[in-house]
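# Examining the three-dimensional arrangement
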Amino acid sequence: MTAAVPQGTVDAVTPTPKSSSADPLTRDDGADDRDEAENKKLAPFLIRLHLLRHGETHANVKNLVLGQGDSPLTDDGVAVASAATAYVEGLRFWRTYCSDLYRAHRTARIVLGLEDGDGNARGTTSDVDLIVDSRLRELAKGAREGYLKKLSHDEAMAMRRREAGISDNEVEIEVPKLESIDDAWRRAKDWIDCLVRDASDDYYSFNDAKEGQDDASCDSNESENDPKIYDVFALSHSALIRTMIHKMVDAELPSNYATTKEGSLSIPNLLCTVIDVRTYECHHFPKERDDHSIRWRPSLFRLTDVSHLSKVPPKGPPYL
């Protein structure tokens, strides 16, 4: 796959205060009696998001800001991606996704067994349909992209001007795109909304046609009282995954979670976080896009899991 055109930092997400909802469109942390009433309205299925970060890149080793630019995987990045295939063993994904940036696409192909560490397509027939989705790409990081992480925005801008031979601060120079946290969350939420809509249509369409039978397209590990699980694999990037975690399940994070040097939630290469998304019962959402018609409740199932990197089957909860 050809690398996406470099564009544009936001390295940290400010956690949502624990006393407030993570996001007004998705969370409702009201009184206990209200929660109990709403629990009864939850649909009999859930979407389980398996969020993995790409493998180590040469830019990671050099401590450079990447954003929506790109960098190839290192040998260690390829090796760890190969080891991470242990995570998907025994899991039957309803859908598999990856960012459109090359580092994520290649990592996803290795983890899912679609290619080997040398970049060769595996000869065995696979039923995995890897969907490349730009909504899962990293946050665009502006002027700092391609420069050392220690540089501030102003320092990176000054360096760009020097490199372009422009000393006049009044003269505009071309700078990679910069996204806010809310910009990134809007596209991530749009992706989740589409999953909710499609899973709802799939579940109810099947049950309308064949009542009482298990849907072959999703995991059939549910009992009579358990929701049907739609497992979704998503290979993305640290800042976007961090944004999704804080926007969706910030109130559920343990107080002692691992942090980066800057104090933000640590999302190391190829660690996995699992979030369940439970929608409210609705046989079919309107075909016209309407954010307020798609309501769902997220919950943290597993945070930054490492067990697949030591050949141990992942377990949870509680958090690791």
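Residues numbered from 1 in each chain as written. Predicted model: local features only at pLDDT ≥ 70, side-chain atom pairs only at ≥ 80, totals over all residues. Heavy atoms only, no water.

### What to know about the side chain of Asp-133
Here Asp-133 lies in the loop between β3 (130-132) and α6 (153-164). Once residues within four sequence positions are removed from consideration, Asp-133 is found in contact with Tyr-97, Cys-98, Ser-99, Asp-100 and Trp-191. (Helix = DSSP H or I, 4+ residues; strand = E, 2+ residues; numbered from the N terminus. Contact = heavy atoms within 4.5 Å.)

### Let's talk about unusual backbone geometry
For Asn-63, which is not a glycine, the phi torsion comes out positive at approximately 60°. Along the chain, Asn-63 turns up in the loop between α2 (58-61) and α3 (75-83). The exposure class assigned to Asn-63 is partly exposed, which follows from its relative accessible area of 40%. The residue Leu-270 is not glycine, and still its phi comes out positive at about 65°. With respect to the helices and strands, the residue Leu-270 is situated in the loop between α8 (238-249) and β5 (272-280). (Buried < 20%, exposed > 50% of the residue type's maximum accessible area, 1.4 Å probe, protein only.)

### Thoughts on the sheet that holds strand β6 (residues 296-305)
Taken in spatial order, the 6 strands of this open sheet run β3-β2-β4-β1-β5-β6, and their pairing is mixed. For this open sheet the edge positions go to β3 and β6, each flanked by a neighbour on one side alone. Going from strand to strand, the sheet's axes swing by 25° on average, the running direction of each strand aside. Here 8 bridges tie strand β1 (residues 42-53) to β5, and the two strands are oriented antiparallel to one another. Along β5, the bridge assignment pairs Arg-48 with Asp-276. Contacting β2 (95-98), β3 and β4 (228-236), helix α5 (residues 102-111) crosses the sheet at an angle of about 130° to β4. (Pairing = 2+ DSSP bridges. Axes fitted to C-alpha atoms, helices over the stretch in contact; angles between N-to-C directions.)

### With respect to the packing of α3 against α5
Put simply, α3 and α5 touch, their axes get as near as 8 Å, and they point 40° apart. Classified by the angle their axes make, α3 and α5 are oblique. For the pair α3 and α5, the sense of crossing is right-handed. For the pair α3 and α5, contact is made by Val-78, Ala-81 and Ser-82 and by Arg-106, Thr-107, Ile-110 and Val-111, respectively. A class-by-class count of the residues in the contact of α3 with α5 yields 4 nonpolar, 2 polar and 1 charged. (Parallel < 35°, antiparallel > 145°, perpendicular 65-115°, else oblique. Left-handed = near helix turned anticlockwise from the far one by under 90°. Nonpolar A, V, L, I, M, F, W, Y, C, P; charged D, E, K, R; others polar.)

### Digging into the pattern of salt bridges
Overall, the coordinates contain 14 salt bridges when judged by the stated rule. With a shortest N-O distance of 3.0 Å, Arg-106 and Glu-115 are connected by a salt bridge. Of the charged contacts, one joins Asp-305 and Arg-302 as a salt bridge, the two residues approaching to 4.0 Å between their closest N and O atoms. Residue class for Asp-305 comes out buried when judged on its relative accessible area of 0%. Here the salt bridges do not stand alone but share partners, grouping Arg-106, Arg-109 and Glu-115 into one network. (Salt bridge = Lys/Arg side-chain N within 4 Å of Asp/Glu carboxyl O.)

### A word on the pairing of β5
In summary, the side chains of a regular strand alternate between the two faces of the sheet. For β5, a buried count of 8 out of 9 residues is recorded, marking the element as mostly surrounded by other parts of the structure. In this sheet, β6 lies alongside β5 in antiparallel orientation, the contact comprising 7 bridges. When the bridges of β6 are listed, Thr-279 appears paired with Trp-296.

### Observations regarding the packing of aromatic side chains
Across all of its chains, the model carries 7 aromatic pairs by this definition. Note on Trp-94 and Tyr-230: the rings are 4.8 Å apart at their centroids and 80° apart in plane angle, and the pair reads as edge-to-face. With Trp-94 in the loop between α4 (85-88) and β2 and Tyr-230 in strand β4, this pair connects stretches of sequence that are 136 residues apart. On the basis of relative accessibility, which here comes to 13%, the residue Trp-94 falls in the buried class. Under the relative-accessibility criterion, Tyr-230 is labelled buried at 0%. (Phe/Tyr/Trp six-rings, centres within 6.5 Å; stacked < 30°, edge-to-face > 60°.)

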